[in-house]
Amino acid sequence: MAIRYWQMAAAAVGFRLVLVLFGGDLHLASRPEVSTPLTSLRRLAEGYWLKQASVSPYSGSMYHGSPLLLSILGPLTNSRPDGHHAHIYCSLIFVAVDFLAAMLIRATGHKLQMARNRSLKSLDLTKAVNDSVNVSAGDVASLIYLWNPWAIVTCVGSCTSPIENLMVVIMIYGACSRLAPLAAFGYVMATHLSLYPAILIVPVILLLGYGPDAPPPKVFLIKGSSASKSDESDNDKTTRQRVVQQFSWKPVLHFIFWLFIWSCHVLLLSSVILKKVGGLHEMFEKTYGFILTVKDLSPNIGVLWYFFAEVFDFFRNFFLIVFNMNIIFVVLPLAIRLKHRPCFLAFVYTAIVAILKSYPSAGDSALYLGLLGLFVNELAEMQFTFFLFFGYIGVSLLSPVMHNLWIWRGTGNANFYFATGLAYTCLQTVLLVESCAHRETRPSSLLPTCQAIYSSVAEPIKS
Amino acid sequence: MKSVPKQEAQPKPRLIVRLGVFLASHHILFSVLCCSAGIITLLLLPSLAKNTYLSENALIPGFANPLFSTEDAIEANRFMKGIEAVLANFIAQQIEALGAEVCYHKFIPRSKNFHPLKFFTSMTNDMAIQPNGTDTNFGINTIGIVRAPRGDGKETIVLVSPYNSQSVQSNELLSLALGFSVFSLLSRAAWLSKDVVWLSVDSQFGEYVAVSAWLNLYHNLVFLSQSVILHTKMYGANHINDGNSEKTEVMAFKCAGTMVAALIFKVGETRRYGDRDSVMMYAEASNGQMPNLDLLNVVHYLAVHRQVPDYVEGTANLANSIYSQALGVPTGSHGAFCDYQVDVVSLEFSPTFHVRNDNAKSLFRLRGGMLIEGVVRSVNNLLEKFHQSFFLYFLTAPSKFISVGMYMIPFALLLAPLPIVAAAFAGGSKSMEKPVDKLIEHSKADDIADIPQSKGGSCKWLQAAKVLLVIQLWAVLVSLLPYYITQIPDATPMQSTLIWVVLSIVILIALSVLFGSPYSAGVEWKLLKATLITSMSIGLGLMSIINFATAQLGALIVIPMCLFSRPLKASGMNFLPRSVLLASNIVFAVLGFPPAAVLIMKGMSKGSCSWTTDFGDFWIWMEFLWEWSSETYLYLYLVHLPCWLLCILVLLHPCRQLESKIKEDWLFGLGGIFFSVGKF
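Bear in mind the structure is a predicted one, so any value in this text is a computation, not a measurement.

Here we look at the nonpolar core
Working step 1: Ranked by size, the top nonpolar core spans 124 residues in total, and within it F255, F347 and V348 of chain A carry the most contacts.
Working step 2: Per-element tally for this core: the top contributor is helix α17 (residues 342-356) of chain A, with 12 residues.
Working step 3: When residues no more than four places from it in sequence are discounted, the contact partners of F347 of chain A are Y368, L371, L372, F375, L432 and S435 of chain A.
Working step 4: Residues V329, F411, M622 and Y633 of chain B belong to the second largest nonpolar core, which totals 87 residues.

If you want it as C-alpha cells, here you go:
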C-alpha cells in the first residue's frame with residue numbers, strides 16, 4: 001500500500017510538472033472556473049507592476065489579494081522564459097505547495113486514525129478497530145487531493161488558490177496535532193488571504209480543546225454506566241474518563257496568544273510593504289471590502305454574481321447582509337451538533353464556504369473534496385455517491401461549454417451559464433447534506449460500537 | 001432484539017425518492033414509452049413547424065421603394081463588357097472610379113490542419129499567415145469600402161461575391177457585375193448609416209479559405225513595417241507604373257467597423273428546367289451554428305413568395321438541414337463569418353434564362369439587385385446586433401421553422417429514461433446483491449473465502465467508474481492519433497487507416513495490461529451498464545448543447561444500443577425473448593461501430609462492394625471532419641466510441657467470478673471484433 005501510495009503521489013506531481021513545463025499555454029488562467037478576481041495571478045502581476053511604479057497596488061480595482069503574496073510571488077511574475085507559459089516559476093511553486101498540502105492532509109489522516117483507534121480501544125472494541133479500518137483514510141484523502149482534476153487545473157492555471165488551500169490545511173493539521181503556533185499561523189494566514197476561513201476558528205478551538213474526532217460522549221457515558229454495573233476496578237474507570245476528554249483550556253489559550261502574535265506580524269509586514277503606496281486601511285477596503293460587497297460581477301461558478309447583477313440597487317445592501325449572514329447562520333447550529341467531531345466540522349465549514357463565498361472557484365472544491373477523503377471509512381455507505389460522482393463530472397464539462405456558448409458563440413445567454421452554476425451548487429448541497437445526514441443518523445464506524453454497547457446493556461436487563 | 005430497533009429507525013424516504021424508486025422499478029416500461037414517444041415526436045416535427053415572423057421591428061423590410069433601377073442594371077452590363085484579363089486590378093479601378101476606398105488582400109492557402117478542439121478555444125486568434133515575396137502561389141481579394149455618410153464608422157455590412165481568378169465563368173462574372181452595381185448604388189446612397197464592404201473573393205483555392213483569411217486579418221490586424229511589394233500577377237504584365245505612393249496606399253489593408261451582417265451572393269449554373277428564377281439560402285455554419293433567424297426572414301420576405309410545402313417536402317428539407325448541421329461542416333463560405341459571430345447568409349441565384357439572352361439577363365440583374373439592396377437597407381436600419389429572433393432552430397421551408405423549444409422535446413424524451421435506467425441498475429445491483437450473497441452462503445459456505453469481499457456496498461461502482469475512465473483515456477488517445485499519423489509522408493488513406501486501427505488495438509491492450517482487465521476486479525455487469533448509461537447521457541447532453549443535430553442523430557443510434565445491451569451469457573429469460581435480444585444486441589453492436597456504419601451506408605448508397613477503397617474513404621471522411629474543426633469528430637471518438645466499447649464489454653461479460661479465464665476471454669473477444677472489422 002505504502003509503495004503504491006508513493007508511486008501514485010509521484011505520478012500526480014509528475015503530471016502537474018508535465019503540464020506546467022510542456023503543456024504550453026492552456027489559457028486556463030482566463031477560465032472563470034479557475035481564477036477569480038481574488039486569486040488571479042495576472043492581476044497579481046499587474047499589482048506588482050503598479051507597486052514597482054510607486055503606485056498603490058490596489059489602485060484601478062485590479063488587484064485584491066494580500067500584500068504578502070505581492071512581495072513573494074510578484075518578482076517571479078516579471079521574468080518570462082521563452083516557449084513556456086507566462087507564470088512558470090509561480091506554477092512550479094504551486095506544484096510544491098500542492099504536494100505539501102497533500103502530505104499534510106495525509107499526516108492529518110494518520111492523526112485522526114490514531115485518535116479513533118485509541119477511543120475505540122478504550123471502549124474495548126479492538127475487534128471493531130481491526131474490522132473497520134481497511135483503508136488508510138489519510139492516504140486516500142491526499143491521493144484525492146493530488147489527483148483531483150480541479151486541484152490539478154487550479155495548480156496549473158496560474159492562480160493563488162493552492163496557497164490559500166495550503167494555509168487551511170496547515171491550520172487543520174496544526175490543530176489536530178495540537179501544535180498551537182502552527183494552527184494559529186495557518187489560521188491567520190488563511191484568514192488574511194481569503195477571509196472566509198475565519199469561521200474555522202470554531203473547529204480549531206474544538207480540536208485544540210477536545211482533541212480529534214471521537215465517538216459522541218454519551219457513548220462513553222453509556223459504556224461507563226454499563227461498566228459500573230458490572231464490577232470493574234476503579235483504575236479502568238479513571239482511564240476511561242481520561243479518554244472522554246474534558247475541554248482543556250491550556251492549548252486554546254496558547255492558540256489565542258499565538259493568534260495575536262501572528263496577526264501582529266502579518267499586519268506589520270503588510271504595512272511595511274504598503275508603506276508609501278497606500279496604507280492598511282486601503283488594504284482592508286480593497287481585499288475584505290471587495291469580498292464582502294461583491295463588487296466584481298463577472299461570471300463565476302457561484303450564484304452570487306448573477307443575483308447581484310439582477311438585484312435593484314436600493315436592495316443591494318440588504319441582500320449583501322443576507323448573503324453574508326448566510327454563512328454565519330450555519331456556524332453555531334453545526335458547531336453544537338458536531339462538536340465531538342471537529343475535523344468533520346472543519347470539512348463541513350469549508351464546503352459551506354465553497355458554496356456560499358462571493359468568488360468561488362474550482363480550487364475551493366478541490367480543498368473540501370480532499371478533506372472529504374479523510375472520512376472515507378465512515379462515509380463508505382453514503383447514498384447517491386454514484387450520481388454525485390457523475391454529476392460533478394457532468395457539471396465540470398458543461399460549464400466551459402455553456403460559457404463558450406454565451407461569451408464566444410453568442411447563441412446562448414447568461415442564463416445558460418448560470419444554470420450550470422445552480423446545478424453545481426445543488427450538487428454540492430446534496431453532497432453536504434448527505435454526508436452530514438449519514439454521519440449523524442448512521443455512523444457506520446459506530447454501528448458495531450453501538451450494537452456492542454446495546455447488547456452489553458441489554459444482556460443484564462434481560463437476565 | 002438487534003434488528004427490531006434498526007427497522008424502526010429506518011425513516012420513511014422523501015416523496016421524490018419514493019417517486020424515483022417507483023420509476024426505477026418500472027424502468028423497462030418507462031424507457032419503452034419514452035423512446036417510442038421520442039421517435040414519434042421526431043417524425044411529427046415537420047408538421048409542428050410554425051410560420052416565421054420578424055421579431056426585430058427595426059428591420060422593416062420592404063418599407064422603402066428600392067432605388068435599384070434599370071440604370072444600375074445597365075451599369076452592371078457596362079462592367080461586364082469592360083472586363084479585362086486581370087480582374088483584381090480591373091475591379092479596383094472600377095471601385096476607385098466610384099470614389100470609394102479600395103485595397104487588396106493577398107493570402108496564401110493554408111495547409112491542412114488537425115484542430116478538432118477549435119470550438120473550445122475562445123477565439124480564432126491564430127495569426128494570419130503573411131505571404132512573403134517569394135511565394136507565387138497566392139490569391140488576391142479585392143475590397144471596396146463605402147464610408148457611410150450618416151454613420152460613425154463603427155458598424156459594417158459586408159457583401160461578398162466570389163469568383164475564380166484563374167478561370168472566370170460567365171455566371172461568376174454575372175455575380176461580380178451584380179455586386180458591383182449594388183455597390184455603386186450604395187456608394188451614392190444618402191441613407192447609409194453603416195459602412196459597406198464589398199469583398200470580391202478570389203476563390204481559386206476555395207471560397208472558404210479566401211474569406212476566412214480575410215476575416216482573420218480583419219480581426220487580428222498586423223501592422224507590417226515594410227510595405228509589401230506588388231507582383232505582376234496582381235497588376236498584370238503590362239501594368240502602367242503609376243508611382244509608388246499610390247501603390248502603397250492601395251496595398252495598405254483597410255478596415256471598417258464591426259460586422260453587423262454579411263451577405264454572400266453568387267449566381268449558380270443556369271437551370272434548364274423550372275419555370276422561374278429561384279434563390280437558395282444556405283446558412284449552416286460549422287458545428288450546426290445558424291445565423292439569427294431574422295436575417296433569413298428578411299431575405300425570405302423580400303424574395304419571391306412561395307406556397308407552404310407539404311409534409312414530405314418539409315421532412316426532406318428538415319432531414320437535409322439536420323444532416324448538414326450534424327456533419328458540423330459549413331455549407332459554404334458563410335461558415336467563416338459565423339466563426340466571428342457575424343450573422344450571415346449565402347444566396348445562390350439560379351436563373352433560368354439562356355446566357356445569350358441580354359433582356360432576361362438585365363431583368364435578372366434588376367431583381368437580384370433589388371433583393372440585395374433591400375436586405376442591406378433592412379440591416380442598415382438595425383440599431384443593435386441581431387438578437388431578437390432565434391439562433392437555435394431548424395427550417396423545414398424558408399417560411400417555416402421549428403424552434404429550440406419544439407425540437408428539444410423528442411431529444412428530451414429519448415434522454416429521459418437514461419437516468420432512470422441508470423438508477424435502476426445502480427440501485428438494483430445493491431439490493432439484489434444481498435439475497436444472492438445469502439444464497440451463496442447457504443449453498444457453499446466453504447467458498448466464501450474465495451469471493452473477494454467488497455467493502456462499502458454503495459461504493460462498488462468505483463470499479464465500474466475505473467473501467468469507464470480507462471476507456472475514456474483510450475478514446476482520447478485514439479482521437480489524437482490521426483494528428484501523428486498525418487505527419488507520415490506519402491501514406492495512402494488505406495495505410496493510414498490500418499496504422500490507426502492497429503495502434504488503437506495496441507493501446508487498448510497496453511492499457512488493459514497496465515490497469516488490469518475490466519473484468520478482473522469482478523465488476524458486475526449491471527454496474528457497468530449503469531456507468532455506461534450515465535456517461536452516455538452526460539456525453540449526449542453536452543453534445544446537444546454544442547451541436548444539437550449530431551446529438552439527435554447519435555441518440556437515435558446509441559440509446560437503443562445501450563438500453564438493449566445485456567450480457568450474452570446472462571441467463572434467466574425464455575428462449576424467444578432472449579434470442580430476439582441477442583440478435584438486436586448484435587445488430588446494434590455492428591451498427592454502432594462508426595467505421596462499420598460508414599461502410600454500410602457507403603455500400604448501400606453505391607451498391608458496389610469494393611471494401612478496400614471504402615475503408616480508405618473512412619479515413620478521408622474523418623480527415624474532412626477534423627479539418628473543418630467539426631465537433632462531430634470529437635463526439636464520435638469521445639462519446640460514441642467509448643459507449644460502443646462499454647457496450648461490447650457488457651455483452652461479453654462473463655457473469656461469473658472466475659478470474660483467470662476472464663482475462664483471456666475479454667482480450668480475445670475484443671481482438672476478434674477488431675480483426676473481423678479489420679478484415680473488411
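Having seen the structure, we can now continue with the description.
Some remarks on the sheet that holds strand β10 (residues 400-403) of chain B
Residues and elements named next belong to chain B.
Working step 1: The strand order across the open sheet built from 3 strands is β1-β10-β9, with neighbouring strands paired in antiparallel fashion. Two strands close off the open sheet at either side, each with one partner strand: β1 (50-51) and β9 (393-397).
Working step 2: Where β9 and β10 come together, 4 bridges link them in antiparallel fashion. Following the sheet pairing, L395 is matched in β10 by F401.
Working step 3: Against the sheet, helix α11 (residues 311-327) touches β9 and β10, its axis set at about 145° to β9.
Working step 4: Where helix α14 (residues 404-415) meets the sheet, it contacts β9 and β10, and its direction lies at approximately 60° from that of β10.

As for the UniProt feature "transmembrane region" (unreviewed entry) in chain B
All names here are of chain B.
Working step 1: In the numbering used here, UniProt assigns the feature "transmembrane region" (unreviewed entry) to residues 20-45, 404-426, 464-485, 497-516, 536-559, 580-601 and 632-652.
Working step 2: The span residues 20-45 is 92% helical and 0% strand by assignment, and the distance between its end C-alpha atoms comes to 30 Å.
Working step 3: Helix makes up 100% of residues 464-485 and strand 0%, whereas the separation of the span's terminal C-alpha atoms amounts to 32 Å.

Structural notes on the UniProt feature "transmembrane region" (unreviewed entry) in chain A
All names here are of chain A.
Working step 1: Those places that UniProt annotates as "transmembrane region" (unreviewed entry) correspond, in this numbering, to residues 86-107, 195-211, 255-275, 287-308, 314-336, 343-362 and 382-402.
Working step 2: For residues 195-211, the helix share is 59%, the strand share is 0%, and the end-to-end C-alpha distance is 25 Å.
Working step 3: Helix makes up 86% of residues 382-402 and strand 0%, whereas the separation of the span's terminal C-alpha atoms amounts to 31 Å.

Section: helix α14 (residues 280-293) of chain A
Residues and elements named next belong to chain A.
Working step 1: For α14, spanning 14 residues, the distance from its first C-alpha to its last is 18 Å, which sits close to the expected 20 Å at 1.5 Å a residue.
Working step 2: Buried within α14 are the following residues: M283, T287, Y288, G289, F290 and I291.
Working step 3: Residues of α14 that are buried make contact with α3 (67-78), α9 (180-194) and α13 (249-273).
Working step 4: The first or second residue beyond α14 is V294, which carries a positive phi of 50°.

Digging into the packing of α3 of chain A against α13 of chain A
All names here are of chain A.
Working step 1: Their axes nearest at 8 Å, the elements α3 and α13 cross at an angle of 65°. Crossing of α3 against α13: the hand is left-handed. Contact residues: α3 offers P67, L68 and S71, while α13 offers V266, L269, S270 and I273.
Working step 2: Here the contact of α3 with α13 is composed, by residue class, of 5 nonpolar, 2 polar and no charged.

Concerning the packing of helix α16 (residues 461-485) of chain B against helix α17 (residues 493-515) of chain B
Residue and element names in this part refer to chain B.
Working step 1: Taken N-terminus to C-terminus, the directions of α16 and α17 make an angle of 150°; their axes are 10 Å apart at the nearest point. The pairing of α16 with α17 is recorded here as roughly antiparallel in orientation. As for how α16 packs across α17, the hand of that crossing is right-handed. Within the contact between the two elements, α16 uses K466, V470, L473, W474, L477, V478, L481, P482 and I485 and α17 uses S496, I499, W500, L503, S504, I507, L508, L511 and F515.
Working step 2: Grouping the constituent residues of the contact of α16 with α17 by class yields 15 nonpolar, 2 polar and 1 charged.

Re the sheet that holds strand β7 (residues 278-282) of chain B
All names here are of chain B.
Working step 1: Reading across the sheet, the 7 strands line up as β2-β3-β5-β4-β6-β8-β7 and stay open at both edges, with mixed pairing between neighbours. Of all the strands in the sheet, the pair left with one neighbour each is β2 (101-107) and β7. Averaged over all pairs of adjacent strands, the angle between their axes in this sheet comes to 20°, without regard to strand direction.
Working step 2: Here 7 bridges tie strand β6 (residues 258-267) to strand β8 (residues 343-350), and the two strands are oriented parallel to one another. By the bridge assignment for β8, I264 is matched with S346.
Working step 3: On top of the sheet, helix α13 (residues 358-381) reaches β4 (155-163), β6, β7 and β8; it is set at about 170° to β6, its chief contact.

Parameters and conventions
- Residues numbered from 1 in each chain as written.
- Chains lettered and ligands numbered in written order.
- Predicted model: local features only at pLDDT ≥ 70, side-chain atom pairs only at ≥ 80, totals over all residues.
- Heavy atoms only, no water.
- Core = buried A, V, L, I, M, F, W, Y, C linked by side-chain atoms within 4.5 Å.
- Buried < 20%, exposed > 50% of the residue type's maximum accessible area, 1.4 Å probe, protein only.
- Helix = DSSP H or I, 4+ residues; strand = E, 2+ residues; numbered from the N terminus.
- Contact = heavy atoms within 4.5 Å.
- Pairing = 2+ DSSP bridges.
- Axes fitted to C-alpha atoms, helices over the stretch in contact; angles between N-to-C directions.
- UniProt positions renumbered as here; feature names shortened; annotations may be inferred.
- Expected span 1.5 Å × (residues − 1).
- Left-handed = near helix turned anticlockwise from the far one by under 90°.
- Nonpolar A, V, L, I, M, F, W, Y, C, P; charged D, E, K, R; others polar.
- Parallel < 35°, antiparallel > 145°, perpendicular 65-115°, else oblique.

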